[in-house]
Protein chains: 2
Amino acid sequence: MASIKPSVPKGTRDFSPTEMVKRNYIFDTIKSVFRKYGYQQIETPTMENLSTLTGKYGDEGDKLIFKVLDSGDYVTKIKKQYDVFIPVLNKLINKAYRAANIPGNEPDYHYWISIGNRYEIVKQNWIAQKIDLAQAISELDIKLEDLNITGYELGLDSKSLTLDISEKALRYDLTVPFARYVVQHQNEITFPFKRFQVQPVWRADRPQRGRYREFYQCDADVVGSDSLLNEAEFVMIYDEALSKLGLKDFSIKINNRKILSGIAQIIDKADNIIDLTVAIDKLDKIGLDGVIKELLERGFTEADIDKIKPVILLEGSNTEKLQSLRQALASSEVGLKGCDEIETVFGYIEKCPLQTAKLELDITLARGLNYYTGAIFEVKTNEVVMGSIGGGGRYDDLTGMFGLKGLTGVGISFGADRIYDVLEELNLFPAAANQSTQVLICNFDKEGELYGLPLLQQLRHQNINAELYPAGAKIKKQMEYANNKNIPYTVVIGSEEIQSGLLAFKNMETGEQEKLSVENIVKRMVG
Amino acid sequence: MASIKPSVPKGTRDFSPTEMVKRNYIFDTIKSVFRKYGYQQIETPTMENLSTLTGKYGDEGDKLIFKVLDSGDYVTKIKKQYDVFIPVLNKLINKAYRAANIPGNEPDYHYWISIGNRYEIVKQNWIAQKIDLAQAISELDIKLEDLNITGYELGLDSKSLTLDISEKALRYDLTVPFARYVVQHQNEITFPFKRFQVQPVWRADRPQRGRYREFYQCDADVVGSDSLLNEAEFVMIYDEALSKLGLKDFSIKINNRKILSGIAQIIDKADNIIDLTVAIDKLDKIGLDGVIKELLERGFTEADIDKIKPVILLEGSNTEKLQSLRQALASSEVGLKGCDEIETVFGYIEKCPLQTAKLELDITLARGLNYYTGAIFEVKTNEVVMGSIGGGGRYDDLTGMFGLKGLTGVGISFGADRIYDVLEELNLFPAAANQSTQVLICNFDKEGELYGLPLLQQLRHQNINAELYPAGAKIKKQMEYANNKNIPYTVVIGSEEIQSGLLAFKNMETGEQEKLSVENIVKRMVG
């Protein structure tokens, strides 16, 4: 076997033991909160039928789906029609003409095989000029090997070829597989169905800092309940999970699509809601003047802007904002409905005060507008400069794409990779003693190794993660092993220790060392 | 969007909440034992470079690897040479001839473009017969649409096309990615490196009962230590994990490749070791007579069989078997080395008696012989008819395929899907209260819902998984929800309950019902 310099595909990552402990800590924390709120875990296959995924993420999204080649002799599935070869034939004849130094090889002359009358032209031309095509082609023949044709020149195009040779694709997110799951298993499911799912997804994006081609998503959704209690509980879930992870200052921003619709309605531009929200979404970055400039560019009038301005510049507490909003949206039924919904969510949360999070009504929040029909969420930490660490919202008719109408859904997602970076930067990962080895039993020789075995077993019976270093290595190497693995305690067994029955027990952090019996070592570790 | 009947690709599975709880139980149990023995978790990407995987699993294995289509406009990477089109041209001309009812279209006549002299033949033929090819082709033209060419006729073949359009593939097992990981990260790793990994793998096998195209592997390996303590610890890991899972009667079979080499050596047929082991591996199924018949067919002599027979028919305790084996293999150095190794492993285990497992020396055990160089393991339950639920062994030079020589490895794998089926059949899955909702708070209306919120929060503060059913549903529906989700307790809040402050607390299993204050409900649940 040839030696290959090993690497992973770009945009993908190995996770080392240290990273795994930290990742597990994040996922386990979030999962435990999901469970506490009654969410149940499901898993869906890595591969979905390509037809399940295409058309759900827009044209750009479709391109970013990783397709899996059909197994077996898939080329037999490629179907092409004859006429795609005409350009290839043209090229061949062109080359033959050139080889024979024959002028006049305009494109028309080369359609000698496709269409009756064009064939005629070529034929007459050919016979009239007495071209020694035989010679031309025999010269050409020598060069055939050099002449490669790409699949593109062959008339293949990637998009339609993919349909011939790929039936399956890698999951692009967890929402579409969840919708597929709900429709497929609708008869086994009790609604409202509260599910969570923590699995990797794949996107053929250009990899860059913080953006990977394989990354975990961490989603909870409820389907089949239009109660706003669900929205309120998602706010609590964010609050509880991120508080548990040690975050001390973060904001949960909430908005409602209906409020955005209301704003478009009061200026009589319901059709321009996308333009409107794209512009005001930038308030943070470009300020009010920037937003106004952009609105004017997008065809809004000064009169429109006068009406919108107070809405964009909402200030004060959430209650004050809602009050102003109600006044501004007084003429829009849908806008007032949005205010009602937000108020109901706030009402639930008043009954269950949040631990840490600041809950903020933010009418500039629009993420994935086309998708969401009610509440929209986004979570940001205020301790570190970082994009949003969570988001979600309500989407009516989640399962309509698979033929099951009228099921409303609302869900949230945690950005696990970003949360990882935040915890790392704030030094919030706990010592992970419970996941790694706690004692290493070292020895000078086979005798010490065998002497250590019963101690090893006693420790493990007490559920202490313990290791015995195999005989034959220098003590220095064994200690290095303990250090590199961050093992907090070591026991050294030499001939003296065996004779006395008192083993050298060392706290690797403090360097403190004692002589202890097997019994006392076990007690100390269980302690 | 068109409505699609939703399904998953064949050989893949959705896992429902109930299944996930059970699967998590198995994986968590095994992981906790791995950790207790000092193994650390890693994860590798789902996709590996195709070059990392090909050539590691044999030709048949290579075919079963799922390849991922390159993203972007991959057809431009397809490179074909002109001469592959000759059959296509032939076909075209044939069709033209047929359309014009011209006889004499033997294959030779159609090489009009490729080679000089063959072109001549066609040309003369053509001119001599005054074929109205123009007409032929114009008739042909009408039928062009019907005439499809497959990729195969186009001269493409799946194997070489794959190399053009696929750089990545799905992980086929965890061992090769682990070897790649070790070589890639060798400078960050402390050896001996004890790692475990629990991730799905994919194989384009024909799906059948119990065989899936996506399934989890659950592996522990240590690399960089030739100590037989590792082998002994794997026996203990199997024993502890399977005992924890509730199995009461299972066998861990152990063999050693060196013993098999020794047997081949004493009959002077070291080169026929594969034939030998394939035959004696069948002892269970076809009995001694069958094995002898097969050995004779495979070219072994009666004299060979006389020498082998006592080895195959070893009986008694492991110690007795080893004794007989030593006598039989007295003339084979490598055979005796194998006996020494097995004896050392047994020696370690004597110091740490097993909880449940029967440890059996089984010299007919050969699994993956080409791979293993020392110990070979296999685990079977004796309670249920089922294939092996675990296996593994030592393989010297694990990382040689990636250019890092001289690192020996030994590892085991748990067959999670089979273990699942065994626990299901023996009814060994525990009630999963800690993973699912423990209380459902039901209500008659909005007032009851709001009244229930503080109780909900108090329960969750006590780490009780609890849910509040959103207002607006009939009590019957809420109770059904509790039943379907196996929620053991419910609280019902009506106007009477709100007035009295005593809520209806119900044990869903016994049907027993009491009136309790919020405080007492919390106390009862924390219990």
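Bear in mind the structure is a predicted one, so any value in this text is a computation, not a measurement.

### Some details on the overall build of chain A
Part 1 of the reasoning: Within chain A, the regular secondary structure consists of 20 helices and 18 strands.
Part 2 of the reasoning: Looking at the 527 residues of chain A, the share that counts as buried comes to 58%.
Part 3 of the reasoning: Counting contacts in chain A only where the partners sit at least 6 residues apart, residues at least 24 apart contribute 68% of the total.
Part 4 of the reasoning: Total accessible area on chain A stands at roughly 22700 Å², and carbon and sulfur atoms take up 48% of it.

### Examining helix α8 (residues 175-184) of chain A
Because each turn of an α-helix spans 3.6 residues, side chains separated by three or four positions in sequence point in the same direction.
Part 1 of the reasoning: Taken across its 10 residues, α8(A) has 9 buried, putting it largely inside the fold.
Part 2 of the reasoning: Within α8(A), burial applies to Thr175(A), Val176(A), Pro177(A), Phe178(A), Ala179(A), Arg180(A), Tyr181(A), Val182(A) and Val183(A).
Part 3 of the reasoning: Among the structural elements, β2 (47-49), α2 (50-53), β7 (193-202) and β8 (214-223) of chain A together with α1 (17-36) of chain B are those in contact with the buried residues of α8(A).

### Comments concerning the domain arrangement of chain A
Part 1 of the reasoning: Along its sequence, chain A is organised into domain 1 (10-69 + 170-248 + 388-431), domain 2 (74-161), domain 3 (249-382) and domain 4 (435-526).
Part 2 of the reasoning: With centres defined by C-alpha atoms, the gap from domain 3 of chain A to domain 4 of chain A works out at 62 Å.

### Notes on unusual backbone geometry
Residues and elements named next belong to chain A.
Part 1 of the reasoning: The omega torsion of the bond from Phe191 to Pro192 falls at -5°, within 30 degrees of zero and hence cis.
Part 2 of the reasoning: Along the chain, the position of Pro192 falls in the loop between α8 and β7.
Part 3 of the reasoning: Despite not being glycine, Asn427 shows a phi value in the positive range, around 60°.
Part 4 of the reasoning: Structurally, Asn427 can be placed in the loop between α16 (416-425) and β14 (439-443).
Part 5 of the reasoning: The backbone phi angle of Asn463 is positive, close to 60°, even though this residue is not glycine.
Part 6 of the reasoning: Secondary-structure assignment places Asn463 in the loop between α17 (446-461) and β15 (466-468).
Part 7 of the reasoning: Residue Asn463 is classed as exposed on the basis of its relative accessible area of 51%.

### Describing the environment of Lys269(A)
Part 1 of the reasoning: The residue Lys269(A) is located in the loop between α10 (257-266) and α11 (273-280) in this model.
Part 2 of the reasoning: If near-sequence neighbours (up to four positions away) are discounted, Lys269(A) is found in contact with Ala264(A), Gly299(A), Phe300(A), Thr301(A) and Asp304(A).

### Details of the sheet that holds strand β10 (residues 358-361) of chain A
Neighbouring strands of a sheet are bound in pairs by backbone hydrogen bonds; such pairs are parallel or else antiparallel.
Residue and element names in this part refer to chain A.
Part 1 of the reasoning: Taken in spatial order, the 8 strands line up as β1-β7-β8-β13-β12-β11-β9-β10 in an open sheet, and their pairing is mixed. Looking along the sheet, the strands with just one partner apiece sit at the ends: β1 (40-41) and β10.
Part 2 of the reasoning: Of the strand pairs in this sheet, strand β9 (residues 250-256) and β10 are connected by 4 bridges, and their pairing is parallel. Bridge pairing links Ile254 to Leu361 in β10.
Part 3 of the reasoning: Strands β7 and β8 of the sheet are contacted by α8, whose axis makes an angle of about 135° with β7.

### A look at the packing of aromatic side chains
Residues and elements named next belong to chain A.
Part 1 of the reasoning: The full count for this structure, using the stated rule, is 26 aromatic pairs over all chains.
Part 2 of the reasoning: Seen in terms of ring centroids, Phe34 and Phe196 are 5.3 Å apart; in terms of plane orientation they differ by 35°. Their pairing is tilted. A residue pair is termed long-range when its members are at least 10 positions apart, and Phe34 in helix α1 (residues 17-36) and Phe196 in strand β7 qualify at 162 residues.
Part 3 of the reasoning: Owing to a relative accessible area of 0%, Phe34 belongs among the buried residues under this scheme.
Part 4 of the reasoning: For the ring pair Tyr181 and Phe193, a centre distance of 6.2 Å and an interplane angle of 10° mean the geometry is stacked.

### So, the side chain of Arg171(A)
Part 1 of the reasoning: The residue Arg171(A) is located in the loop between β6 (168-170) and α8 in this model.
Part 2 of the reasoning: Buried charged residue Arg171(A) carries no salt bridge. Nearest counter-charge: Glu214(B), at 5.7 Å.
Part 3 of the reasoning: Here the side chain of Arg171(A) touches Thr44(A) through a polar contact of 2.9 Å, landing on its backbone oxygen.
Part 4 of the reasoning: At 2.8 Å, the side chain of Arg171(A) forms a polar contact with the backbone oxygen of Pro200(A).
Part 5 of the reasoning: If we skip the residues at most four places from it in the chain, Arg171(A) touches Thr44(A), Pro45(A), Thr46(A), Leu53(A), Pro177(A), Gln199(A), Pro200(A), Val201(A) and Trp202(A).

### A short note on the environment of Val201(B)
All names here are of chain B.
Part 1 of the reasoning: Turning to its location among the elements, Val201 is positioned in strand β7 (residues 193-202).
Part 2 of the reasoning: For the pair Val201 and Leu295, spaced 94 residues apart in sequence, the C-alpha separation works out to 36 Å.
Part 3 of the reasoning: Setting aside chain neighbours within four positions, we find Val201 in contact with Arg171, Tyr172, Asp173, Leu174, Arg213, Glu214, Phe215 and Gln217.

### So, the packing of helix α17 (residues 446-461) of chain B against helix α20 (residues 518-526) of chain B
Residue and element names in this part refer to chain B.
Part 1 of the reasoning: The geometry of α17 relative to α20 is characterised by a closest axis approach of 10 Å and an angle of 30° between their N-to-C directions. When the axes of α17 and α20 are compared, the pair comes out roughly parallel. Judged by the sense of rotation from one axis to the other, the crossing of α17 with α20 is right-handed. Within the contact between the two elements, α17 uses Leu455, Gln458 and Leu459 and α20 uses Val518, Ile521, Val522 and Met525.
Part 2 of the reasoning: For the contact of α17 with α20, the class distribution of residues is 6 nonpolar, 1 polar and no charged.

### Brief notes about the sheet that holds β14(A)
Residue and element names in this part refer to chain A.
Part 1 of the reasoning: Read from one edge of the open sheet, 5 strands run β15-β14-β16-β17-β18, paired in mixed fashion. The two strands at the open ends of the sheet, each matched to only one other strand, are β15 and β18 (513-516). Averaged over all adjacent pairs, the angle separating strand axes in this sheet is 20°, with direction ignored.
Part 2 of the reasoning: As judged from the 3 bridges shared by β14 and β15, these two strands associate in the parallel manner. The residue bridging Leu440 from the neighbouring strand is Glu467, located in β15.

### What to know about the pairing of strand β16 (residues 489-493) of chain A
Remark: a regular strand shows side chains that alternate across the two faces of the sheet.
Residue and element names in this part refer to chain A.
Part 1 of the reasoning: Of all 5 residues making up β16, 4 are buried, and the element is well covered by its neighbours.
Part 2 of the reasoning: In this structure, β16 lies alongside strand β17 (residues 503-507), joined through 4 bridges in antiparallel fashion. Looking at β17, one finds that Val491 is bridged to Phe505.

Rules used in this analysis
Residues numbered from 1 in each chain as written. Chains lettered and ligands numbered in written order. Predicted model: local features only at pLDDT ≥ 70, side-chain atom pairs only at ≥ 80, totals over all residues. Heavy atoms only, no water. Helix = DSSP H or I, 4+ residues; strand = E, 2+ residues; numbered from the N terminus. Buried < 20%, exposed > 50% of the residue type's maximum accessible area, 1.4 Å probe, protein only. Contact = heavy atoms within 4.5 Å. Areas by Shrake-Rupley, 256 points an atom, 1.4 Å probe, with all protein chains shown as cover. Domains from an automatic or database assignment. Pairing = 2+ DSSP bridges. Axes fitted to C-alpha atoms, helices over the stretch in contact; angles between N-to-C directions. Phe/Tyr/Trp six-rings, centres within 6.5 Å; stacked < 30°, edge-to-face > 60°. Lys, Arg positive; Asp, Glu negative; His and termini not counted. Salt bridge = Lys/Arg side-chain N within 4 Å of Asp/Glu carboxyl O. Polar contact = N/O pair within 3.5 Å; in protein donor to acceptor, adjacent residues only side chain to side chain. Parallel < 35°, antiparallel > 145°, perpendicular 65-115°, else oblique. Left-handed = near helix turned anticlockwise from the far one by under 90°. Nonpolar A, V, L, I, M, F, W, Y, C, P; charged D, E, K, R; others polar.

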